[in-house]
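# Report on the structure
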Amino acid sequence: MAIMLPRLCSPVDIYSNLRFSSTNIHARRQNWSNSCSLHTNWKYACVGFEPESSRNFSVCSSLVATPSEEELSLSSEKRVYDVVLKQAALVKRKLKSTTDLDFRPDLLLPGTIPVLKEAYDRCGEVCEEYAKTFYLGTLLMTPERRRAIWAIYVWCRRTDELVDGPNATHITPSALDRWEARLDDVFAGRPYDMFDAALSDTVARFPVDIQPFKDMIEGMRMDLKKSRYENFDELYLYCYYVAGTVGLMSVPVMGIAPESKATTESVYNAALALGIANQLTNILRDVGEDARRGRIYLPQDELAQAGLSEEDIFKGKVTDRWRGFMKKQIKRARMFFEEAEKGVTELSQASRWPVWASLLLYRQILDEIEANDYNNFTKRAYVSKAKKLLALPVAYGKSLKAPHPKTLERRN
């Protein structure tokens, strides 16, 4: 399986490509301010500039493009875990090559700091608006980590909105190809706008690999062409693409506690599990909403085993068969949350609170589905504001717990 090695750039590359100078810094800031909106009326606005007609984009996914016979014989979980191993090995190599385990040193060039500060501040504003609880948790992180997580969050949100946002009906595979080409430019230190500049700076400071970002785009491609999943193996791969990747992006930024005895691979695997658990929870919460869009993100073979059909989903009637099916799906999601818990404690202490908060709040959505008598057709399970507030001190208390004294092992 071909895995792309990171194309990281130095702060010098970023700032030279931005061409900051005392004569054009204000103009560039104004240009970014006019082009950074997450919602615009311009078709493909967040995909970026149209490529030159002579430019030939060759875009593919390392996991699904022309797979070999050996790859086809592997389960999705094994294929994804191979990515986890490579990501963990990459970080370990990077950590050995620097004396600072958290981030690369600033390169202070005239005119760069005010613009980058504004770029990161804008990312923080977006995170605060759309993920209030998570944003609150990031405030306990070190400034460098906090800003980097904001930049990653914004990129993920913009990517998701390509297929779920107001311009989703205009998005085509070629638009996603352009978005991926733009990602290559961001990692090479050639940002298009202010949000891109923050991410370019982030990947220059931390050992963040481009592969999880590319795989998330592959998940968006799946959403354009696939609305059914034959079995959980297929669904697992989709969950990795659209959510598990977030964990792999974040671990290099959040950092692993110096006193942790866990292997890097096990921490990455736990981060992956949290992403899978969150996405499975999203799927179970949104069954009715997805069905109204003609989509069913549930394993077809397991529906059949439960005596259910697509027609039952579209009818949206809660029956004993549906309750039995949902109980098994919720049990599986909770198993992934349990796997994720093992790794949260191994993160740097300053990074644990937002992760614990996310885990606890998302897991409560499963409780709410049960409280609604498994009616996720017409009732949307959500965690009340009061419960969210109560969860924050619990998450904070868990974040103070020391890493596990024994080495974590991969779930079999």
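Numbering of residues begins from 1 in every chain and follows the order in which that chain's sequence is written. For this predicted model, a pLDDT threshold of at least 70 governs which residues receive local features, and a threshold of 80 or more governs which side-chain atom pairs are given and counted, while totals over whole chains, interfaces and linings are taken from all residues. Water and hydrogen atoms play no part in the side-chain values, which are based on all heavy atoms of the structure.

## What to know about the nonpolar core
Buried together is how nonpolar side chains tend to be arranged in soluble globular proteins. What counts, and what does not: Here, nonpolar core means buried Ala, Val, Leu, Ile, Met, Phe, Trp, Tyr and Cys residues that are tied together by side-chain atoms lying within 4.5 Å of each other. For every residue, the accessible area (1.4 Å probe, protein chains only) is compared with the maximum for its type, and the residue is labelled buried under 20%, exposed over 50%, or partly exposed between those bounds. In DSSP terms, a helix is any run of H or I states spanning at least four residues, a strand is any run of E spanning at least two, and both are numbered starting from the N terminus. Between two residues, a contact is recorded if the distance between any of their heavy atoms is within 4.5 Å.
Judged by nonpolar contacts, the single largest core of 94 residues is most densely connected at Trp-155, Phe-213, Leu-235, Leu-298, Ile-313 and Trp-322. By residue number, the principal contributor to this core is helix H11 (residues 232-254), which donates 15 residues. Excluding residues within four positions of it along the chain, Trp-155 makes contact with Trp-179, Leu-183, Leu-199, Phe-213, Met-216, Ile-217 and Met-249. Judged by nonpolar contacts, the second largest core, of 14 residues, contains Val-126, Cys-127, Val-154 and Phe-195.

## Thoughts on unusual backbone geometry
One non-glycine residue, Asp-373, lies in the positive phi region at around 60°. For Asp-373, a relative accessible area of 37% gives the class partly exposed. We note that Tyr-374 has phi near 65°; this positive angle belongs to a residue other than glycine. Turning to its location among the elements, Tyr-374 is positioned in the loop between helix H17 (349-371) and helix H18 (385-399).

## Regarding the confidence of the model for the chain
Definition in use: One confidence number per residue, pLDDT, is output by the predictor and ranges from 0 to 100.
The pLDDT averaged across the chain works out to 81; a share of 76% of its residues lies at or above 70. In the model, residues 98-111 has pLDDT below 50 throughout and makes 22 contacts with residues more than four positions away in sequence or in other chains.

## Some words on a nonpolar patch on the surface
In plain terms, the rule: Residues with no salt bridge and a relative accessible area higher than 30% make up the patches, which join like charges within 9 Å and nonpolar side chains (Val, Leu, Ile, Met, Phe, Trp, Tyr) within 5 Å. Throughout, the Shrake-Rupley method with a 1.4 Å probe supplies accessible areas, and for residues the shown protein chains are the sole cover considered. For this analysis, a salt bridge means a side-chain nitrogen from Lys or Arg found within 4 Å of a carboxyl oxygen belonging to Asp or Glu.
Among the surface-exposed residues, Leu-140, Tyr-396 and Leu-400 lie close enough to one another that they form a single nonpolar patch of about 270 Å² accessible area. Along the polypeptide, Tyr-396 turns up in helix H18. Among the residues examined, Tyr-396 registers a relative accessible area of 38% and is labelled partly exposed.

## A few points about the environment of Tyr-297
What counts here: For the purposes of these results, a polar contact is taken to be a pair of N or O atoms within 3.5 Å, where, inside protein, one atom must be able to donate a hydrogen and its partner to accept one; residues adjacent in sequence count only when each atom of the pair is a side-chain atom.
Positionally, Tyr-297 belongs in the loop between helix H13 (287-292) and helix H14 (300-305). Between the alpha carbons of Tyr-297 and Asp-286 there is a distance of 9.2 Å; along the sequence they are 11 residues apart. A polar side-chain atom of Tyr-297 sits 2.5 Å from a polar atom in the side chain of Asp-223. A polar atom in the side chain of Tyr-297 sits 3.2 Å from the side chain of Arg-295.

## Details of the pattern of salt bridges
The full count for this structure, using the stated rule, is 32 salt bridges. With a closest N to O distance of 2.7 Å, Arg-221 and Glu-180 form a salt bridge. You can see Arg-221 sitting in helix H10 (residues 211-225) and its partner Glu-180 sitting in helix H8 (residues 173-187), a full 41 residues away along the chain. The two residues Arg-221 and Glu-180 agree in class, both being buried. Of the charged contacts, one joins Arg-323 and Asp-373 as a salt bridge, the two residues approaching to 2.9 Å between their closest N and O atoms. Highlighted residues: Arg-323 in helix H16 (residues 320-344) and Asp-373 in the loop between H17 and H18, separated in sequence by 50 residues. Here the salt bridges share partners, and the residues they tie into one network are Asp-177, Glu-180, Asp-184, Lys-214, Glu-218 and Arg-221.

## So, the environment of Pro-191
By the element assignment, Pro-191 lies in the loop between H8 and helix H9 (194-205). A relative accessible area of 10% places Pro-191 in the buried class. Put simply, Pro-191 and Asp-201 are 10 residues apart on the chain and 9.5 Å apart in space, counted from C-alpha to C-alpha.

## Quick look at the side chain of Asp-223
For Asp-223, the position within the fold is in helix H10. Residue Asp-223 is classed as buried on the basis of its relative accessible area of 6%. Only 2.9 Å separates the side chain of Asp-223 from the side chain of Tyr-238, close enough to count as a polar contact. When sequence neighbours within four positions are dropped, the list of residues in contact with Asp-223 reads Val-163, Tyr-238, Arg-295 and Tyr-297.

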